[in-house]
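Residue-level structure breakdown
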Amino acid sequence: MTTMTVRHLSKHFILKEGRRKQVLKAVDDVSFTLASGRTTALVGESGSGKSSIARMLAGLARPTSGEIQLDDLPIKTSRIYRRYVQMVFQDPYGSLNPAHTVGYHLRRPLQIHKIAGTAEELLERVCLPASFAGRYPHELSGGQRQRVAIARALAPRPKVLLADEPVSMLDVSIRLEILNLIDRLKREEDLAVLYVTHDLATARHFAHDLMVMYRGQIVESGSADEVILSPAHPYTRLLADAAPDPWAVHAGTRRDVATRRDGADVTSGCLFRPRCPHAGAACEHEVPVFGGQRRVRCVLHEHASAT
Ligand SMILES: Nc1ncnc2c1ncn2[C@@H]1O[C@H](COP(=O)(O)OP(=O)(O)OP(=O)(O)O)[C@@H](O)[C@H]1O
Ligand SMILES: [Mg+2]
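Residues numbered from 1 in each chain as written. Chains lettered and ligands numbered in written order. Predicted model: local features only at pLDDT ≥ 70, side-chain atom pairs only at ≥ 80, totals over all residues. Heavy atoms only, no water.

**A closer look at the overall build of the protein**
If you tally the helices and strands in the protein, you get 13 helices and 10 strands. Against the globule reference of 19 Å for 307 residues, the protein gives a C-alpha radius of gyration of 21 Å, in line with a compact fold. Partitioning the intrachain contacts of the protein with sequence separation of at least 6 by distance along the chain shows that 65% fall at a separation of at least 24. When the accessible surface of the protein is split by element, carbon and sulfur atoms take 51% of a total near 15300 Å². (Helix = DSSP H or I, 4+ residues; strand = E, 2+ residues; numbered from the N terminus. Rg over C-alpha atoms; globule rule 2.2 N^0.38 Å. Contact = heavy atoms within 4.5 Å. Areas by Shrake-Rupley, 256 points an atom, 1.4 Å probe, with all protein chains shown as cover.)

**Some details on unusual backbone geometry**
Unlike most non-glycine residues, lysine 114 shows phi in positive territory, near 50 degrees. Under the relative-accessibility criterion, lysine 114 is labelled exposed at 75%. Positive phi, close to 50 degrees, is recorded for arginine 295, a residue that is not glycine. Structurally, arginine 295 can be placed in the loop between helix H12 (281-285) and helix H13 (299-306). (Buried < 20%, exposed > 50% of the residue type's maximum accessible area, 1.4 Å probe, protein only.)

**Some points on the domain arrangement of the protein**
We note that the domain assignment places domain 1 (3-215) and domain 2 (229-307) within the protein. Placing a centre on the C-alpha atoms of domain 1 and another on those of domain 2 gives a separation of 29 Å. Opposite the 10 residues of domain 1 that make contact, domain 2 presents 15 residues. Carbon and sulfur atoms make up 55% of the area that domain 1 and domain 2 hide from each other, which totals about 1000 Å². When the area that domain 1 buries against domain 2 is broken down by residue, the three leading residues are Glu45, Tyr214 and Arg215, summing to 55%. In this assembly, domain 1 and domain 2 are joined by one salt bridge. Taking the shortest distance from any N to any O, the salt bridge between arginine 275 and glutamate 45 comes out at 2.8 Å. At the boundary of domain 1 and domain 2, one finds four residue pairs in polar contact (both at pLDDT 80 or more). If one sorts the elements of the side of domain 1 that touches domain 2 by residue count, strand E9 (residues 209-214) sits on top with three residues. Here the residues of the side of domain 1 that touches domain 2 are counted per class, giving five nonpolar, two polar and three charged. (Domains from an automatic or database assignment. Buried area = accessible area lost by both parts, 1.4 Å probe. Salt bridge = Lys/Arg side-chain N within 4 Å of Asp/Glu carboxyl O. Polar contact = N/O pair within 3.5 Å; in protein donor to acceptor, adjacent residues only side chain to side chain. Nonpolar A, V, L, I, M, F, W, Y, C, P; charged D, E, K, R; others polar.)

**Here we look at the confidence of the model for the protein**
With 91% of its residues at a pLDDT of 70 or more, the protein shows a mean pLDDT of 90. Looking across the protein, the model is least confident in helix H10 (residues 246-250), with a mean pLDDT of 39, and most confident in strand E3 (residues 39-43), with 98. Low pLDDT, under 50, characterises residues 245-261; the stretch is placed with 13 contacts to residues that sit more than four places away or in other chains. (pLDDT = per-residue confidence, 0-100.)

**Focus on the site of ligand 1**
Taken together, 14 residues surround ligand 1, and among them Ser46, Gly47, Lys50, Ser51 and Ser52 come closest. At a separation of 2.5 Å, an oxygen atom of ligand 1 approaches a polar side-chain atom of serine 46. A distance of 2.8 Å separates an oxygen atom of ligand 1 from a polar side-chain atom of serine 51. Burial of ligand 1 by the surrounding chains reaches 61%, relative to a free accessible area of 640 Å². Among the elements that line the shell around ligand 1, the one with the most residues is helix H1 (residues 50-57), at three residues. By residue class, the composition of the shell around ligand 1 is four nonpolar, seven polar and three charged. (Near = heavy atom within 4 Å.)

**As for the pattern of salt bridges**
All chains considered together, the criterion is met by 12 salt bridges. Arginine 125 is paired through a salt bridge with glutamate 189; the nearest N and O atoms lie 1.8 Å apart. Taken together, the residues arginine 125 in helix H4 (residues 119-125) and glutamate 189 in helix H6 (residues 172-189) connect sequence positions 64 residues apart. Overall, the relative accessible area of 26% leaves arginine 125 in the partly exposed class. The exposure class of glutamate 189 is partly exposed, given its relative accessible area of 25%.

**Describing the sheet that holds strand E6 (residues 85-88)**
One key point about sheets: their strands pair by backbone hydrogen bonds, in either a parallel or an antiparallel sense. Taking strand neighbours across the sheet as the criterion, the six strands line up as E6-E7-E8-E3-E9-E10 in an open arrangement whose pairing is mixed. With partners counted over all chains shown, the strands left at the sheet margins are E6 and strand E10 (217-223), one partner each. When the angles between neighbouring strand axes are averaged without regard to direction, this sheet yields 20 degrees. One ladder, built from five bridges, connects strand E7 (residues 160-164) with strand E8 (residues 192-197); its direction is parallel. (Pairing = 2+ DSSP bridges. Axes fitted to C-alpha atoms, helices over the stretch in contact; angles between N-to-C directions.)

In C-alpha cells:
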C-alpha cells in the first residue's frame, strides 16, 4: 500500500511587466493524498494549475513551498522518487524522441533503474506487438504512441502514475481504449493514479475521488460520484451543468465573457465571486475556508451549513 501525501503545495511565478512585478499563484496551498489502487481525478478549466501540480509531483518543477511525500520518502530523495513516480503527457507526438526506436525508449528506463525486463514484455503489457520495438515513433499512430509512452512509464515499476490529459489529443474513437488500459494497469500494478482532465464524464467513470481546481486552489473535493451528481460549489455546478465547457453554454451573453476576464484581478475574498451567480457581500469580505463535511471552499456554503 502506497500513499503519496501532498501538503500545502504552492507554485508561484513572478511575472514582470515592464517594471511591475506580479505574483501568479498557479498553485496555492493545495493538500491531498493519492493511494494505491485508486484513481483521483483533477479537473478545472485551462490555466487553473492542474499541470503545475502534476509537474511538481513528478519532480519536474520545484514547489515554491509545501511538501510531497511518497510513503515516508520526501521528494528530495529524487532518484528513488523518479523511479516510483511516472508521468504520461498529453502529447504523444512530443513525448517520444523521433531519432530513437520504440525499443530504445523502453530499454532506457530498465537500464537506468537496473530492472530486469525487456521492451517486448512492456509492449505486451500495453497490447502492442513485440515487433514494434524496432519501429520509430513516426511509424506509429497517436494511440500507439500513447501506449508506448504508457509502457515506458511502467518500465521502472512505479507506484504512482500521473496522467496529464492523456487522451485529449487523441481521436475520440480511441480515447476510451487508452483510459481502459490505464485503468487495467492501475488494478494489475496497484498504482495510485492522478488523472488530469477537462472531461467530467470520464472522470466520473474512471475516478474514485475528484478534486476541482479554480485559480490554483482546490474549491471542492470528494467522491467522484458525489461531487459530479450533487456539486456543492457554484463553480463545480457550472462545470457539471455545462460539461465539457461551461462557457460554451453561457456564451453569447457579453457579461459572462467580460466577467471571466475581470475575475483575474480579484485577489481578496472568494476568487470565484466575479463569475459566481450566487455571490453576495459576504463573498467579497470573507475568505472561504476549504473544509467542512462536503470539503468545499465557499462562504455561502459555510453559512448555509452553519444554520
Ligand atoms: N513556467 C511558467 N511561467 C509562468 N507562468 C506559468 C508557467 N507555467 C505555468 N504558468 C501559469 O500557471 C497557471 C497554471 O498553468 P497550468 O499549466 O498548471 O494550467 P492547467 O490547469 O494545466 O491548464 P490546461 O488545462 O490548459 O492544461 C497558468 O496561468 C499558466 O500561464
Ligand atoms: Mg495542463
